[in-house]
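Listed below are the residues making up each chain.
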Protein chains: 2
Amino acid sequence: MNSQNSQVFYATNAFTGELLTTAFPVHGEIEVNQAAEAAAKVARSFRRLSNEKRANLLCSIASELEARREDIVACAHLETALPQARLEGEVGRTANQLRLFADVVKSGSYHQAIFDTPNPERQPLPKPDIRRQQIAIGPVAVFGASNFPLAFSAAGGDTASALAAGCPVIVKGHTAHPGTSQIVAECIENALNKEDLPSAIFTLLQGNKRELGQALVTHPKIKAVGFTGSVSGGRALFNLAQQRPEPIPFYGELGAINPTFILPEAMKNNASLAEQFVASMTMGCGQFCTKPGVVFALNTPETQAFIETAQALIRQQSPSTLLTQGIRETYENEVVKRAADQGINVTYSQAESPNVASALFVTDSQNWRTNPEWEEEIFGPQSVIVICKDFEDLLDLSETLSGTLTATIHATETDAPLAEQLIPCLEEIAGRLVFNGWPTGVEVGYAMVHGGPYPASTHAASTSVGAEAIHRWLRPVAYQALPESLLPDSLKTSNPLNIQRAIDGKTS
Amino acid sequence: MNSQNSQVFYATNAFTGELLTTAFPVHGEIEVNQAAEAAAKVARSFRRLSNEKRANLLCSIASELEARREDIVACAHLETALPQARLEGEVGRTANQLRLFADVVKSGSYHQAIFDTPNPERQPLPKPDIRRQQIAIGPVAVFGASNFPLAFSAAGGDTASALAAGCPVIVKGHTAHPGTSQIVAECIENALNKEDLPSAIFTLLQGNKRELGQALVTHPKIKAVGFTGSVSGGRALFNLAQQRPEPIPFYGELGAINPTFILPEAMKNNASLAEQFVASMTMGCGQFCTKPGVVFALNTPETQAFIETAQALIRQQSPSTLLTQGIRETYENEVVKRAADQGINVTYSQAESPNVASALFVTDSQNWRTNPEWEEEIFGPQSVIVICKDFEDLLDLSETLSGTLTATIHATETDAPLAEQLIPCLEEIAGRLVFNGWPTGVEVGYAMVHGGPYPASTHAASTSVGAEAIHRWLRPVAYQALPESLLPDSLKTSNPLNIQRAIDGKTS
């Protein structure tokens, strides 16, 4: 979309900090209004489109992305400094995610068709015929994330699940990769074109002004928001969404510390664990939302060895090129601040401006308890190891943690009785428990939960990754005593969609 | 629970307006804190209780209510002026609702167990074993409603579904029926006792100070809220819930106009429709959340006959005793104000202070459009008939309506083409469509949706009535690579609960 004002902004070369040459329009309230009104006009026909046609659209977008893989990777590499191999993988993941949602749509399970059989003879009142399905809620706003220029951006998880549900999507592209977003938007436009669908089903808005996001979240035609980003930015937009005359669901993934608990027998395998830990915390330069931000372990010689190995590995790490100058400055400030705190020590890797050092902090449970600010996520290659006095101390700390995307346990069979005590605590703070693994790497499947209690998510009952994410954009409607001809296909007695239905509490 | 302060309040005889003699403690922040801390302490063991034991608790509460049916009905009748037969029915409905949730718990379907089969051979990365279930979110606050002293109060739908999910419940009893709430709370306490469960699983707090509700909604140990009441009161509490450091889900059912559309061929049956309409709008003295608050019909001789019959029936209505003095004053003020507006006429029934008149307004689509405040719900025996120029006019009006619990269509086979155009509009504003019936009477079943876009509900993806309401109080957790022995029973490969599970996108 062109901009009504003459302002433009430029992407930055993430390696050099220099501006790139392509100018992008700075969109604002006028463009939000145009896009939202246009989306609202096509929303009804899009939600009533056949499952097959919506599935075709998703597959078509996947193919378009793959066809432009080279352009996308080259542009994203320059804009984000993420390695090309990783970006290649991310194109594949994004395409597969679209195809997963195509399968979800085709199966029709998302309708959640539920029937109550009527009983005209029931006393004192006849029992009515009631059937329920889920329908799309209307136009959706999606905020692209800096750290996944593909999988959590213009054609990322929220866009895929919202289109699958039958909602038009307006994306606010992240300023860290406007060129990448632009190519991806072209892919979606081409797919809409090929599938003979109106272009208003998808709009990319770009710009470096806060007003753009605010206008999107508060527009009356926008019916829900998907957001991945910082606690401060996300919470501000969440507040706006809730303060609207008509509050709307705001699915924000804001921040997570992803605690890892290494139980004593498992810790005997300390060299291998240290290597895995450092690989997980520095993966993608520590810019994954599932980075293990804190490790809890008992005060044993094996833990000391684990720490020493991890510190040695950190010292060998190359400097990290972070996604943006803003992320780098925040990272450096927060690490320096934490390093100056009492009761915590730090080991750094090499640094070479503008590339930053990885930082591994070590402290004990007593200092951790008196410095609650250490639980705040620092975005970048940084983590904290907390030495606990004993298992009770570790268990007690697990009860104090904020909501988080993941919680990880390392345990052997001998540790199982301890793990058994820990699991109920961790279930209550995390969206996903990981056993003898590491939290980075989020599988896109049917069972994935990428969410959790606040601040991991503003909507703990939802996931931003995996098939169940489609439910973000749906709401139920019951139909009482409608004749067969007027019922939606998903609820007709003849079951023309051949979908699964639950009848009187039992699945057919 | 006793109160820490010495304040008390009294119930009112709804027939006479006189205070009754039993004193009730005025609870405040101190009691909220005690109850919430105690609830949090038992939350983990309660959520991990076997499905069978939680189902037994629900059935036990149902039996206790039935055992005290006489006391409950006598007390509620005095406090609310609702007819004894209706209250008898409401005890039965409330008990049946508890038993429905016992069935839901026993079936285990609420776990929503989903499996992704691992594939260690997958390239480039092995596919992990991920299994997902839903768990209870923790202590829940429930606000009793004035108009259903049983089905939407201390042991009402929100309490039943929250206990079913495994959440401790703290109820703020409605000031309109403290004695009824007290008896119901005793029933729940007895049931907890019989089932050998801690009393902190359920607490009734009472009081006539706004601070009580505010303290409940903002207490950090409260993890979700169920509310049924007015737009103004509900929105104020919703705002508090969203402004907390950790925002929590607020399931508020606030207000609905429940539009009814009578299509021209159906209108030919006008005498019978008028009778049904007046019965529905005056049922329970118009104090149902599903009262048909507006009827849209075309400008035909049959509609004129419908209006005249309805007006004649209204004139014959007996005066109505409303639930409370506050409700009566608001009703009278709003009806008088609307009656003084230009472009609308009114027909009253008899009135005899303190009993109020039913009021039937008639206007046309042009005046309706220019008086958007007429769409606001007036709680009590009042409704509006809007005469539309033609079907396009009616269809156009249907697009302007706010969110509502229900939308009703009366149509014959001849009207079907018009109904077909209307249904997509009504799906977008309502939680339930009713065909050739009336919206009052909300079936408690598997397929019911009692909710809808704001202000019908603050959470349109949820229902406050029916089996699906259990999902209000649950959130998903994924378990990655946990050994069989550490997995929750719902996710063990051996399936000891014998529940239905979805594996790789297919239901087993």
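Every value quoted in this text rests on a predicted model; they were computed, and no experiment measured them. (Residues numbered from 1 in each chain as written. Chains lettered and ligands numbered in written order. Predicted model: local features only at pLDDT ≥ 70, side-chain atom pairs only at ≥ 80, totals over all residues. Heavy atoms only, no water.)

Scanning the entire structure with this criterion turns up 22 aromatic pairs over all chains. Measuring from centroid to centroid gives 5.4 Å for A:Tyr251 and A:Trp473, while their planes differ by 75°, and the two rings are edge-to-face. You can see A:Tyr251 sitting in strand E9 (residues 250–253) and its partner A:Trp473 sitting in the loop between strand E16 (430–435) and strand E17 (474–480), a full 222 residues away along the chain. Of the residues examined, A:Trp473 reaches a relative accessible area of 0% and is grouped as buried. With centroids separated by 5.9 Å and ring planes inclined at 45°, the aromatic side chains of B:Phe9 and B:Phe24 adopt a geometry described as tilted. (Phe/Tyr/Trp six-rings, centres within 6.5 Å; stacked < 30°, edge-to-face > 60°. Helix = DSSP H or I, 4+ residues; strand = E, 2+ residues; numbered from the N terminus. Buried < 20%, exposed > 50% of the residue type's maximum accessible area, 1.4 Å probe, protein only.)

Moving on, we get to the sheet that holds strand E7 (residues 202–205) of chain B. Residue and element names in this part refer to chain B. The strand order across the open sheet built from five strands is E7-E6-E5-E8-E9, with neighbouring strands paired in parallel fashion. Strand pairing shows two members of the sheet lacking a second neighbour, E7 and strand E9 (250–253), which therefore form its edges. Averaged over all adjacent pairs, the angle separating strand axes in this sheet is 15°, with direction ignored. Sheet analysis places strand E6 (residues 169–172) next to E7, joined by four bridges and oriented parallel. Residue Ile170 lies in a different strand from E7, and its bridge partner there is Thr203. The sheet strands contacting helix H5 (residues 157–165) are strand E5 (140–143), E6, E7 and strand E8 (224–228), and the helix crosses E6 at an angle near 170°. Contacting E5, E8 and E9, helix H8 (residues 231–243) crosses the sheet at an angle of about 170° to E9. (Pairing = 2+ DSSP bridges. Axes fitted to C-alpha atoms, helices over the stretch in contact; angles between N-to-C directions. Contact = heavy atoms within 4.5 Å.)

Moving on: the domain arrangement of chain A. All names here are of chain A. Segmenting chain A into domains produces domain 1 (28–254 + 460–491) and domain 2 (259–435). When each unit is reduced to the centre of its C-alpha atoms, the spacing between domain 1 and domain 2 is 34 Å. Domain 1 puts eleven residues into the contact, and the matching count from domain 2 is eleven residues. Approximately 800 Å² of surface area, both sides summed, lies buried where domain 1 meets domain 2, with 66% of it carried by carbon and sulfur atoms. In terms of surface lost to domain 2, no three residues of domain 1 exceed Ser146, Asn147 and Glu253, which account for 42% of the buried area on that side. Our enumeration of links across domain 1 and domain 2 arrives at zero salt bridges. Taken together, the links from domain 1 to domain 2 amount to one residue pair in polar contact (both at pLDDT 80 or more). Here the side of domain 1 that touches domain 2 is built from residues that sort into five nonpolar, three polar and three charged. (Domains from an automatic or database assignment. Buried area = accessible area lost by both parts, 1.4 Å probe. Salt bridge = Lys/Arg side-chain N within 4 Å of Asp/Glu carboxyl O. Polar contact = N/O pair within 3.5 Å; in protein donor to acceptor, adjacent residues only side chain to side chain. Nonpolar A, V, L, I, M, F, W, Y, C, P; charged D, E, K, R; others polar.)

Attention shifts here to the pattern of salt bridges. Taken as a whole, this structure holds 45 salt bridges over all chains when the rule is applied. A salt bridge links A:Arg47 to B:Glu428; its shortest N-O distance comes to 2.8 Å. Of this pair, A:Arg47 sits in helix H1 (residues 29–47) while B:Glu428 is found in the loop between helix H15 (416–427) and strand E16 (430–435), placing the two residues in two different chains. For A:Arg47, a relative accessible area of 12% puts it in the buried group.

Here we come to the environment of A:Thr12. Residues and elements named next belong to chain A. As for its position among the elements, Thr12 is in strand E1 (residues 8–12). What makes Thr12 partly exposed here is its relative accessible area of 32%. Excluding anything up to four places from it in sequence, Thr12 contacts Gly17, Glu18, Leu19, Leu20, Leu78 and Glu79.

Spatial strand order, E19(A)-E18(A)-E3(A)-E4(A)-E17(A)-E16(B)-E15(B)-E10(B)-E11(B)-E14(B)-E13(B)-E12(B): twelve strands in an open sheet with mixed pairing. One side of each edge strand has no neighbouring strand; the edge strands of this open sheet are strand E19 (506–507) of chain A together with strand E12 (344–348) of chain B. Relative to strand E14 (residues 382–388) of chain B, strand E13 (residues 359–364) of chain B is paired through six bridges, and the arrangement is parallel. Bridging across to E14(B), B:Phe361 finds its partner in B:Val384. Against the sheet, H15(B) makes contact with strand E4 (130–136) and E17 of chain A together with strand E10 (259–262), strand E15 (404–410) and E16 of chain B, and its axis sits at roughly 155° relative to E16(B), the strand it touches most.

Residues and elements named next belong to chain A. Tracing the chain through its elements places Ala81 in the loop between helix H3 (69–80) and helix H4 (84–107). Counting along the chain gives 98 residues from Ala81 to Gly179, while the straight-line C-alpha distance between them is 13 Å. Residues contacting Ala81, with those up to four places away along its chain left out, are Ala14, Phe15, Ala76 and Thr321.

Here we take up the nonpolar core. Where a protein is soluble and globular, its nonpolar side chains tend to be buried together. Grouped together as the largest cluster of nonpolar side chains are 108 residues, with contacts concentrated most on A:Phe202, A:Phe296, A:Trp368, A:Ile409, A:Leu433 and A:Ile470. Counting residues per element, this core draws most heavily on H4(A), at nine residues. If sequence neighbours within four positions are ignored, A:Leu433 has contacts with A:Ala407, A:Ile423, A:Leu426, A:Glu427, B:Val477, B:Ala478, B:Tyr479, B:Gln480 and B:Leu482. Within the second largest apolar cluster, 105 residues are counted, among which are B:Val73, B:Ala162, B:Leu163 and B:Cys425. (Core = buried A, V, L, I, M, F, W, Y, C linked by side-chain atoms within 4.5 Å.)

Another point: the relation of the copies chain A and chain B. Under the fitted operation, chain A is carried onto chain B by 0.0 Å of movement along the axis and a turn of 180°, and the coordinates agree to an RMSD of 0.0 Å. Here the symmetry operator amounts to a two-fold rotation axis. No C-alpha of chain A approaches the rotation axis more nearly than that of A:Gln242, which lies at 3.5 Å. Taken as a fraction of all interface residues of chain A, those also at the interface in chain B reach 100%, which identifies the copy contact as same-surface. (Least-squares fit on C-alpha atoms with pLDDT ≥ 70 in both.)

Right, let's get into a nonpolar patch on the surface. Residue and element names in this part refer to chain A. There is a patch of nonpolar side chains on the surface, built from Val8, Tyr10 and Leu19 and spanning about 280 Å² of accessible area. The residue Tyr10 is located in strand E1 in this model. Residue classification places Tyr10 among the partly exposed positions, given a relative accessible area of 35%. (Patch = residues over 30% accessible without salt bridge, like charges linked within 9 Å, V, L, I, M, F, W, Y side chains within 5 Å. Areas by Shrake-Rupley, 256 points an atom, 1.4 Å probe, with all protein chains shown as cover.)

Within the secondary structure, A:Gly380 sits in the loop between helix H13 (365–370) and strand E14 (382–388). In this structure A:Gly380 touches A:Cys285, A:Gly286, A:Gln287, A:Lys291 and A:Tyr331, once residues within four positions along its chain are discounted.

Chain A puts 70 residues into the contact, and the matching count from chain B is 70 residues. The contact between chain A and chain B buries some 5700 Å² in all, and 54% of this surface belongs to carbon and sulfur atoms. Viewed at the interface, chain B and chain A are joined by 14 salt bridges. For A:Glu399, the salt bridge goes to B:Arg44, with nearest N and O atoms at 2.8 Å. Our count for the chain A to chain B interface comes out at 40 residue pairs in polar contact (both at pLDDT 80 or more). Secondary structure elements with two or more residues in the side of chain A that touches chain B: H1, strand E3 (113–116), E4, helix H8 (231–243), helix H15 (416–427), E16 and E17 of chain A. Residue composition of the side of chain A that touches chain B, grouped by class: 35 nonpolar, 15 polar and 20 charged. Relative to E16(B), E17(A) runs parallel, the two sharing three bridges.

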